[in-house]
Amino acid sequence: YDERSGIITKPRVLFEGSDQVRGVVSDVAVDIEGKLWVPHYGGGAVVRYEPSDGKVLQIVRIPTLLCSSIAFGGPYLKQLFVVTASEAVNVNREYYAGSLFVMEDVGVRGAVIRRYNPKDLEEMKEVEDSKSYKAEEGFH
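Residues numbered from 1 in each chain as written. Predicted model: local features only at pLDDT ≥ 70, side-chain atom pairs only at ≥ 80, totals over all residues. Heavy atoms only, no water.

Caption draft 1: How the structure looks around the packing of aromatic side chains. In the structure shown here, the tally under the stated rule is three aromatic pairs. Relative to Phe72, the ring of Trp37 has its centre 6.0 Å away and its plane inclined at 85°; by these criteria the two rings are edge-to-face. Of the two residues, Trp37 is situated in strand S3 (residues 36–41) and Phe72 in strand S6 (residues 67–73); the sequence distance between them amounts to 35 residues. There is no split in this pair, since Trp37 and Phe72 are both buried. (Phe/Tyr/Trp six-rings, centres within 6.5 Å; stacked < 30°, edge-to-face > 60°. Helix = DSSP H or I, 4+ residues; strand = E, 2+ residues; numbered from the N terminus. Buried < 20%, exposed > 50% of the residue type's maximum accessible area, 1.4 Å probe, protein only.)

Caption draft 2: Structural view of the pattern of salt bridges. Under the criterion given, the structure shown has three salt bridges. Between Asp31 and Arg48 there is a salt bridge, with its nearest N and O atoms 2.8 Å apart. With Asp31 in the loop between strand S2 (29–30) and S3 and Arg48 in strand S4 (residues 45–49), this pair connects stretches of sequence that are 17 residues apart. A single burial state applies to Asp31 and to Arg48, both of which are buried. In this structure, Arg48 engages Glu33 in a salt bridge whose closest nitrogen and oxygen atoms are separated by 2.6 Å. With a gap of 15 residues between them, Arg48 in strand S4 and Glu33 in the loop between S2 and S3 connect regions that are remote in the sequence. Among the residues examined, Arg48 registers a relative accessible area of 11% and is labelled buried. Through salt bridges with shared partners, a single ionic network connects Asp31, Glu33 and Arg48. (Salt bridge = Lys/Arg side-chain N within 4 Å of Asp/Glu carboxyl O.)

Next up, the structure:
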């Protein structure tokens, strides 16, 4: 990852999808502990993963197979929103396909995600430089 340009270099596999849940990984949300919340499209579940080793920490079953997107929101980012798809399914059998599910409390808040801005990085470095300068001068 190049901090200045924001370009991702040297890509690697972060984790393999769980063999405990069918379907394919379709999105990701990050909580304040740095864990990944991943809907499994075709698997009817959202899985919370440990990103360092891919370990499954939690499985939340959703009453339809096509879990397509996920996001934290609401007050203090305590709610987890799961969007499901309805294409290519029998809606008589998949009654909740195409629904939005809101989980009021999954035990952890979502992380605040910011859009990449190179100026933010420059400002952070300027602040760090000024702190170290002040520390050398005896100011805290």
